[in-house]
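Residue-level structure breakdown
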Amino acid sequence: MPSTRTATYRAAVLEALSGEMRLDDSVILMGEDIGAAGGVFKQTDGLFAQFGADRVIDTPISESGAFGIAVGAAMTGQRPIFEVMFGDFITLIMDQLVNQAAKISYMSASQFKVPLVVRVAVGVGGNLGPQHSQSLHAWSAHIPGLKVVMPSTPADAKGLMAAAIRDDGPVVFFEDRMLYNLRDAVPNGDYVVPIGSAEVKRLGRDVSIIATGRMVHTALAAAELLAKEEISAEVIDPRSLVPLDVDTLVASVKKTSRAIVLDGGYRQYGITGEIAATVTEHAFDWLDAPVIRIGGADVPIPFSASLEPLVLPDAQRLARDTAALVRGLR
Amino acid sequence: MSSSLPMPTASAQPLPSAEEALRLYRSMQLIRTFEDQVRNLSSGGVIPGLVHLCAGQEAVAVGVCDLLGVDDMIASNHRGHGHCLAKGADVARMMAEIMGRRTGYGLGRGGTLHIFDAAHGNLGTTGIVGGGIPLAAGAALSAKRNGRQQVAVAFFGDGALNQGLLFEVMNMAAIWRLPVLFVCENNGFGEFTAIEDVTAGPNPIARGLAFGIPSETVDGMDVLAVRAAAQRALERARDGGGPTFLICNTYRYGGHHVGDKQEYKDDADAKAWRQKDPIERLGRRLRESGFTTDEMIAALKLDIDKEVRAAIDLAKAAPLPTADDLEAHLHA
């Protein structure tokens, strides 16, 4: 086991970025205000001073063109990390992401590879309103040719960023901006979490709560509440949405016979439905009840302080729903 | 409707050496023959789907690519057979891709709109109008970083002049002084619509000038004029002078795709453009200067004809991709 230290999620990602940039000169950063300004969330703080304008490239507010340039650079020897400042803005790069980056390896029969990372800050919170709060990771997960990761802890953020940068294809890296100040143990030195590996974050017997990103923490808090009611909940974090570690998820569900899937994005046509269906296909005979889906409310994320907290499920609601499932009340 | 494009005039360009001039001629004739054959194969149902041919526009691809090294990159568009061939693509492998055969550049899974040729610095033809432009600029960013004086070229049609992506990329190419050429092949029509009907401003060259990019309108039916303009642009790019914008006025002999009835075209206009045919024009110069004879040109055409027919035979005999190829190369 490597030694660890306590660090924030933000610092853990930064550590992966600077570590990979030191290892490999082809790793470059592109985005708005990521240079001397250090990023709007201070998520690239210090990299400009360390690596210079040649590698930490401030782009104009031209997401589509700048990302297209990143794709071309990736095809010709660079490993760009492209920042989409707010997750809502991923819509601005969708053509380049879907019609170029995702397909080039396939269309060219691997004559060209597109080793790039799209770094996307998502999440509800801070009253930023309908165009600065969405979590559109399901859009990327729908497209063949993209890998999609969504780390929930500082250690996973560091390890998955390193894995994403080293991957020879496009990886979309979703980080919840409300986790940036979360502090936890982070392995020192070189640390890689393989893409496509889920992790059981808490062992349990009675029910599997499969949760993504920030919702993992909601699930862990709910598991604490459930323990007081003598319900033992297992919490699994897929960590990667594509490829999905189906084996780990299914093994848990076969053990507990009940599952709830929790994700911060929209529920309609979303991540929760895909995971619920996958688990059901593989573990139908072991299930004692239908798999429950809980997502964000299917509305534009409202600005008002009274409404914004209603968008995502909290631990109390999750614990209530989980207890009802376990007791056969739903 | 009638096109109000300026008609090109007789070339004032000096002829290069006999070897170079004949190379240009051969390259243009190869594209013409290739496109003629693709049209026949498409009409005959041998090539499935839609193909977009570049007959008439050969001088642009050849005039630019003739000066590029194998390390220099191009990004093509949907009318890209000429760019691929001029950059050195293997005729048989290209034909196989267009016919959907496993021996093609993408195992036959991309087709005419997705021909990639890494060995010759070709970032691909593309089905999205303007989609190749940022890829070329990205290759130029790599070139700038590696310091090997490589240059990248984006080929696009006049249709892409109204894509916002072009202006975003031009802006970044200018501020970062990227070694990239923006080469617009203005054939007068975006799909079925005349450029005048959808393009504001007195002259689209202003769209490059607005970013401080040296910009030039070129007779796109004169391979020597294109080559001379490309030469200036490439020297500037290799010297660190940044991007250049070229608008090459040319004409698409065929429709938007094979099967397009072209009712939007003016017959007199089409006839006038054909009188400026880039291959005929260079052929005349070559004969007048004694670089070649009618017999030599006939022999050359026959030779090219054989090469393209051999490529077709190879492609027809090649296997189709199988179910095993369905998911291959999805992830690098």
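Within each chain, residue numbers correspond to sequence positions counted from 1 in written order. Here chains are named by letter from A upward and ligands by number from 1 upward, in the order in which they appear as written. Local features in a predicted model are, by the rule used here, given only for residues with pLDDT of at least 70; side-chain atom pairs are given and counted only at 80 or more, and totals for whole chains, interfaces and linings are based on all residues.

**Some details on the overall build of chain B**
Defined as follows: Only DSSP runs of H or I with at least four residues qualify as helices, and only runs of E with at least two residues qualify as strands; both kinds are numbered from the N terminus onward. For this measure, only C-alpha atoms enter the radius of gyration; the expected value for a globule follows 2.2 Å times N^0.38, where N is the number of residues. Partly exposed residues are those whose C-beta has more than 12 but fewer than 20 other C-beta atoms within 10 Å; with 20 or more the residue is buried, with 12 or fewer it is exposed, and the C-beta atoms are placed from the backbone.
Within chain B, the regular secondary structure consists of 12 helices and 7 strands. On C-alpha atoms alone, chain B measures out to a radius of gyration of 19 Å, which is about the 20 Å that the 2.2 N^0.38 rule sets for 332 residues. Principal-axis analysis of the C-alpha atoms places the extent of chain B at approximately 50 × 50 × 40 Å. Each of the 332 residues in chain B was classed as buried or not, and the buried ones make up 55%.

**Some words on the overall build of chain A**
Basically, it comes down to this: Once C-beta atoms are placed from the backbone, any two residues with those atoms within 7 Å are in contact.
Along the backbone of chain A there are 11 helices and 14 strands. Taken against the 2.2 N^0.38 rule, which gives 20 Å for 330 residues, the C-alpha radius of gyration of chain A at 20 Å falls within 12% of a compact globule. Its C-alpha atoms put chain A at 60 × 45 × 45 Å along the principal axes. Counting over 330 residues, chain A shows a buried share of 57%. Here the contacts in chain A between residues at least 6 apart in sequence split such that 79% fall between residues at least 24 apart.

**Observations concerning helix 8 (residues 215-228) of chain A**
All names here are of chain A. The cut-off we apply is this: By definition here, a helix of n residues has an expected span of 1.5 Å times n minus one.
When the terminal C-alpha atoms of helix 8 are compared, their 20 Å separation across 14 residues agrees well with the 20 Å that a helix rising 1.5 Å per residue should span. Along helix 8, the residues classified as buried are Met215, Val216, His217, Thr218, Ala219, Ala222, Ala223 and Leu226. At its buried positions, helix 8 is contacted by strand 9 (199-202), strand 10 (207-211), strand 11 (233-237), strand 13 (259-266) and helix 11 (315-326). Immediately beyond the C-terminal end of helix 8, within one or two residues, lies Glu230, with a positive phi of roughly 65°.

**Here we look at the domain arrangement of chain A**
Residue and element names in this part refer to chain A. To be explicit about the condition: Reported domain spans reflect what an automatic or database domain assignment gives. In this classification, the charged set is Asp, Glu, Lys and Arg, the nonpolar set is Ala, Val, Leu, Ile, Met, Phe, Trp, Tyr, Cys and Pro, and all remaining amino acids, among them Gly, are polar.
Domains assigned within chain A are domain 1 (4-187) and domain 2 (199-326). For domain 1 versus domain 2, the separation of C-alpha centres amounts to 26 Å. At the junction of the two partners, domain 1 supplies 25 residues and domain 2 supplies 23 residues. Of all the secondary-structure elements, those providing two or more residues to the side of domain 1 that touches domain 2 are helix 6 (137-141), strand 6 (147-149), helix 7 (154-166) and strand 7 (171-176). Its residues assigned to classes, the side of domain 1 that touches domain 2 comprises 14 nonpolar, 8 polar and 3 charged.

**Let's talk about the packing of helix 3 (residues 63-75) of chain A against helix 6 (residues 164-175) of chain B**
Helix-helix packing is described using two parameters, namely the angle between the two axes and the distance between the axes. Put simply, the rule is: Lines are fitted to the C-alpha atoms to define the axes, a helix being fitted only along its stretch in contact, and any angle between axes, read from their N-to-C directions, falls within 0 to 180 degrees. The scheme is simple: roughly parallel for angles under 35 degrees, roughly antiparallel for over 145, roughly perpendicular for 65 to 115, oblique for anything else. The hand of a helix crossing depends on one turn: near helix anticlockwise from the far one by less than a right angle means left-handed, and clockwise means right-handed.
At a closest axis distance of 8 Å, the pairing of helix 3 of chain A and helix 6 of chain B adopts a crossing angle of 65°. As the angle between them shows, helix 3 of chain A and helix 6 of chain B are arranged roughly perpendicular. Judged by the sense of rotation from one axis to the other, the crossing of helix 3 of chain A with helix 6 of chain B is right-handed. Residues A:Ser64, A:Gly65, A:Ala66, A:Gly68 and A:Ile69 of helix 3 of chain A pack against B:Leu165, B:Glu168, B:Val169 and B:Met172 of helix 6 of chain B.

**Observations concerning the nonpolar core**
For clarity, the cut-off: Any nonpolar core is a set of buried residues, restricted to Ala, Val, Leu, Ile, Met, Phe, Trp, Tyr and Cys, that join up through C-beta atoms within 7 Å.
Of all hydrophobic cores here, the largest spans 196 residues; its most connected members are A:Phe173, A:Ile209, B:Ala136, B:Ala137, B:Val153, B:Val180 and B:Val183. Considering each element in turn, this core owes the most residues, 10 residues, to helix 9 (residues 223-238) of chain B. Not counting residues up to four positions away in its chain, the partners in contact with B:Val153 are B:Val64, B:Leu68, B:Ile74, B:Ala136, B:Leu181 and B:Val183.

**Structural notes on the packing of helix 5 (residues 132-146) of chain B against helix 6 of chain B**
Residue and element names in this part refer to chain B. Relative orientation of the contacting elements helix 5 and helix 6 amounts to 15°, with a least axis distance of 9 Å. With respect to each other, helix 5 and helix 6 are oriented roughly parallel. Between helix 5 and helix 6 lies a crossing whose hand is left-handed. For the pair formed by helix 5 and helix 6, the contact residues are Ile133, Pro134, Ala137 and Ala140 on the first element and Leu165, Leu166, Val169, Met172 and Ala173 on the second. For the contact of helix 5 with helix 6, a count of residues per class yields 9 nonpolar, no polar and no charged.

**Some thoughts on the interface of chain A and chain B**
Taken together, the contacts link 35 residues of chain A with 31 residues of chain B. Take the side of chain A that touches chain B: its biggest share by element is 10 residues, from helix 3 of chain A. The class makeup of the residues in the side of chain A that touches chain B is 13 nonpolar, 18 polar and 4 charged.

**With respect to helix 2 (residues 58-65) of chain B**
Taken across its 8 residues, helix 2 of chain B has 8 buried, putting it largely inside the fold. By the burial criterion, the buried members of helix 2 of chain B are B:Glu58, B:Ala59, B:Val60, B:Ala61, B:Val62, B:Gly63, B:Val64 and B:Cys65.

**With respect to the sheet that holds strand 1 (residues 73-75) of chain B**
Residue and element names in this part refer to chain B. This is how the line gets drawn: For two strands to be treated as a pair, DSSP must find no fewer than two bridges joining them.
The 5 strands lie next to each other as 1-2-3-7-6, forming an open sheet whose pairing is parallel. Of all strands in the sheet, those with a lone pairing partner are strand 1 and strand 6 (215-219), marking the two edges. Neighbour to neighbour, the strand axes of the sheet diverge by 20° on average, direction disregarded. Across 6 bridges, the pairing between strand 2 (residues 152-157) and strand 3 (residues 180-186) is parallel. Within the sheet, the bridge partner assigned to Ala154 lies in strand 3 and is Phe182. Packing against the sheet, helix 9 makes contact with strand 3, strand 6 and strand 7 (244-249), and its axis sits at approximately 170° to strand 7.

**Here's the deal with the environment of A:Ala11**
Considering the arrangement of structural elements, one finds A:Ala11 in helix 1 (residues 9-23). Separated by 49 residues in sequence, A:Ala11 and A:Pro60 have C-alpha atoms that sit 25 Å apart.

**Brief notes about the sheet that holds strand 10 of chain A**
Residue and element names in this part refer to chain A. Spatially, 5 strands are ordered 9-11-10-13-14 in an open sheet, and the strand pairing comes out mixed. Strands with a single pairing partner mark the edges of an open sheet, and in this sheet they are strand 9 and strand 14 (292-296). Neighbouring strand axes in the sheet, compared pairwise and without regard to direction, differ in orientation by 25° on average. With 4 bridges joining them, strand 10 and strand 11 adopt parallel strand pairing. Each bridged residue has a counterpart across the sheet, and for Ile209 the counterpart in strand 11 is Val235. Against the sheet, helix 8 engages strand 9, strand 10, strand 11 and strand 13, with an angle of about 170° to strand 11. Contacting strand 10, strand 13 and strand 14, helix 10 (residues 271-283) runs over the sheet at an angle of about 155° to strand 13.

**So, the pairing of strand 5 (residues 117-122) of chain A**
Working note: regular strand, side chains alternate between the two faces of the sheet. All names here are of chain A. Most of strand 5 sits inside the fold, with 6 of its 6 residues counted as buried. Alternating residues of strand 5 divide into Val117, Arg119 and Ala121 and Val118, Val120 and Val122, and every residue in both groups is buried. Sheet topology places strand 4 (residues 79-84) next to strand 5; 4 bridges connect them, and they run parallel. Across the sheet, the residue bridging to Phe82 is Val118, located in strand 5.

**Some remarks on the confidence of the model for chain B**
For clarity, the threshold we go by: For every residue, the pLDDT score states the predictor's confidence, bounded by 0 at the bottom and 100 at the top.
For chain B, mean pLDDT is 95; residues scoring 70 or higher make up 97% of the total. Scored below 50 in pLDDT, residues 1-5 of chain B makes 12 contacts in the model with residues more than four places away or belonging to other chains.

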